[in-house]
Amino acid sequence: MPPRIRLASVPLRRPAATQGPISGIEYVCRQCRNASLAAAPAQIDTVTVASPISRHPPTQPPSHKPPEFRKSQLHRQYQSMLSSSPLMLVFQHNNLKAVEWTGIRRELAAALRKVDEEMAKAGNDAYMGSSMKLQIVQTGILASAMRIVEFWNPKFDAASDGSVPSVHGLSKKAYHAARKNKDLQHGLEPLLSGPLAVLTFPSVSPQHLKAALSILAPSKEFPAPKRKANPAYHEPQIQAGLQKLMLLAARVEGKVFDSEGTKWIGSISGGIDGLRAQLVAMLSGVGAGITTTLEAASKSLYLTMESRKSVLEEEQKGGESKE
Amino acid sequence: MLTKYITSVTTAFSPFNPRSGKTVRNFLAMLPPNARSTMAIDVKMHDKSAIEAPTTLAVKFKDGKEMKLDVEKLKLRDIQTEIDRHSRILRRQEELTG
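Our subject in this report is the structure included herewith. Remember, it's a predicted structure, so these values are computed and weren't measured experimentally. (Residues numbered from 1 in each chain as written. Chains lettered and ligands numbered in written order. Predicted model: local features only at pLDDT ≥ 70, side-chain atom pairs only at ≥ 80, totals over all residues. Heavy atoms only, no water.)

### Quick look at the packing of aromatic side chains
Applying the stated rule across the entire model yields zero aromatic pairs over all chains. Positioned above the aromatic ring of B:Phe16 is the side chain of B:Lys48, whose terminal nitrogen or guanidinium carbon lies 5.7 Å from the ring centre. (Phe/Tyr/Trp six-rings, centres within 6.5 Å; stacked < 30°, edge-to-face > 60°. Lys NZ or Arg CZ within 6 Å of the ring centre and 35° of its normal.)

Here is the structure:
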């Protein structure tokens with residue numbers, strides 16, 4: 001019985017731009033080949049394909065790493081995570097159990113929600129806390145993704161003819177750009193080994209950071225919530241989990257901070273608005289200082305002249321009395 | 001690694017030190033989930049400014065032996081070997097007596 005679907009039995013042609021093997025392997029469509037064998041019409045040479053078939057849609061350029069692997073997708077996901085979160089805390093997790101993770105995540109979400117509600121009352125209703133996520137990462141893949149994010153410039157707007165160039169973080173170019181600069185260091189290299197978890201923030205928000213630190217890494221500056229205020233936090237499961245979670249470092253807008261630096265960022269009171277207020281106060285202080293400094297010269301000159309005048313007058317008087 | 005016979009782990013290290021920091025962190029990651037209830041674990045982390053600060057790792061065992069491990073020289077595998085060597089002696093004693 002002949003096959004029901006009659007396919008054009010000529011080998012599929014590539015567009016002129018992509019002639020030649022793309023990645024060293026010639027693409028062979030097994031299905032078409034089998035169909036052509038089965039059908040085997042006589043006029044093979046006369047049939048031509050009407051339009052060249054594009055190998056990939058313009059929005060999905062070919063990938064250097066096989067895209068169907070979980071590894072590749074995690075790599076892509078970590079790149080997007082790193083480039084979209086200016087503030088990231090890096091933790092080491094030493095054999096935490098699943099129940100401990102659930103408890104910690106629940107407490108963290110509750111604390112962040114509280115901060116969100118307070119900020120909403122003050123007029124800032126971005127509700128950023130809902131998009132902050134504590135996740136375990138695959139360390140090796142994160143290390144590779146970090147190099148690509150730091151050392152590869154995608155140059156999205158390079159094409160002059162208006163076409164969007166097919167660049168993406170899994171491409172060969174990105175791979176080689178990250179590999180080439182072996183001397184470049186992003187500062188987190190010594191930390192990228194062992195079991196890691198990261199907490200990502202969509203923006204640098206000291207209030208949220210403060211809440212997160214007081215839950216995940218309590219210290220003198222950021223005390224944990226009291227037992228009366230939050231009894232769920234003091235459950236043995238959560239406390240056991242927190243003992244095994246170590247804050248290693250923070251990555252803030254590409255720079256690496258240790259735990260002390262992280263605490264310093266968390267201690268910025270009032271967030272970015274607080275910082276602006278501090279800057280304004282400082283600048284106005286500087287202004288006042290400048291005016292006094294500038295005045296001082298004229299004042300001192302005036303004072304010198306005055307004293308000289310009085311001295312001269314006294315001398316004159318003295319001379320008159322002597323005479 | 002046999003962790004049953006360890007009673008306390010005391011360490012001070014800098015996570016930013018590419019050699020010793022990694023070793024100590026990976027050692028801590030090898031302790032079992034219930035380690036905090038069976039042994040006393042004291043971890044002190046140095047700042048980024050003190051990368052070259054001396055790294056210490058001391059392990060105490062049930063028989064009272066204290067083992068100070070030189071993290072600068074030993075790798076993770078060597079530390080594991082050292083601890084296992086003494087733990088096996090303790091296990092043997094326990095088997096013979098109990």
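### Considering a nonpolar patch on the surface
All names here are of chain A. Together, Leu-279, Met-282 and Leu-283 make up a nonpolar patch on the protein surface, roughly 310 Å² of accessible area in all. Its place among the elements puts Leu-283 in helix H9 (residues 271–322). According to the relative accessible area criterion, Leu-283 is exposed, its value standing at 51%. (Patch = residues over 30% accessible without salt bridge, like charges linked within 9 Å, V, L, I, M, F, W, Y side chains within 5 Å. Areas by Shrake-Rupley, 256 points an atom, 1.4 Å probe, with all protein chains shown as cover. Salt bridge = Lys/Arg side-chain N within 4 Å of Asp/Glu carboxyl O. Helix = DSSP H or I, 4+ residues; strand = E, 2+ residues; numbered from the N terminus. Buried < 20%, exposed > 50% of the residue type's maximum accessible area, 1.4 Å probe, protein only.)

### Examining empty space enclosed by the protein
Which parts of space are left empty comes out when a probe the size of a water molecule is rolled across the atoms. All names here are of chain A. Tallying each qualifying case throughout the model produces one cavity of 30 Å³ or more. The computed volume of the largest cavity comes to approximately 40 Å³. In this structure, the largest cavity is lined by Asp-116, Met-119, Asn-124, Ala-126, Tyr-127, Met-128 and His-208. Classifying every residue of the lining of the largest cavity by side-chain character gives four nonpolar, two polar and one charged. (1 Å grid on protein atoms, 1.4 Å probe; cavity = no way out; pocket = protein on both sides within 12 Å on 5 of 7 lines; lining within 4 Å. Points joined across faces, edges and corners; volume = space filled by probe spheres on them. Nonpolar A, V, L, I, M, F, W, Y, C, P; charged D, E, K, R; others polar.)

### Considerations on the sheet that holds strand E2 (residues 133–137) of chain A
Residues and elements named next belong to chain A. Pairing in this open sheet of five strands is antiparallel, and the strands run E2-E3-E1-E4-E5 from one edge to the other. Two strands lie at the open edges of the sheet, namely E2 and strand E5 (255–258), each paired on one side alone. Between one strand axis and the next, the sheet turns by 25° as a mean value, whatever way the strands run. Sheet contacts for helix H2 (residues 70–84): strand E1 (87–93), E2, strand E3 (196–201) and strand E4 (245–252); angle to E2, the most-contacted strand, approximately 140°. (Pairing = 2+ DSSP bridges. Axes fitted to C-alpha atoms, helices over the stretch in contact; angles between N-to-C directions. Contact = heavy atoms within 4.5 Å.)

### A look at helix H4 (residues 139–151) of chain A
Residue and element names in this part refer to chain A. Over its 13 residues, H4 extends 18 Å from the first C-alpha to the last, a length consistent with the 18 Å expected when each residue adds 1.5 Å. Three or more residues of H4 are buried, namely Thr-139, Ile-141, Leu-142, Ala-145, Met-146, Arg-147, Ile-148 and Phe-151. Contacts from the buried residues of H4 go to H2, E1, E2, helix H5 (172–180), E3 and E4. (Expected span 1.5 Å × (residues − 1).)

### So, the interface of chain A and chain B
Listed per partner, the contact involves 22 residues of chain A and 19 residues of chain B. A buried area of about 1700 Å², summed over both sides, lies between chain A and chain B, and 55% of it is on carbon and sulfur atoms. Ranking the residues of chain A by area buried against chain B places A:Asn95, A:Pro190 and A:Asp258 at the top, with a combined share of 29%. At the surface where chain A touches chain B, the tally comes to zero salt bridges. (Buried area = accessible area lost by both parts, 1.4 Å probe.)

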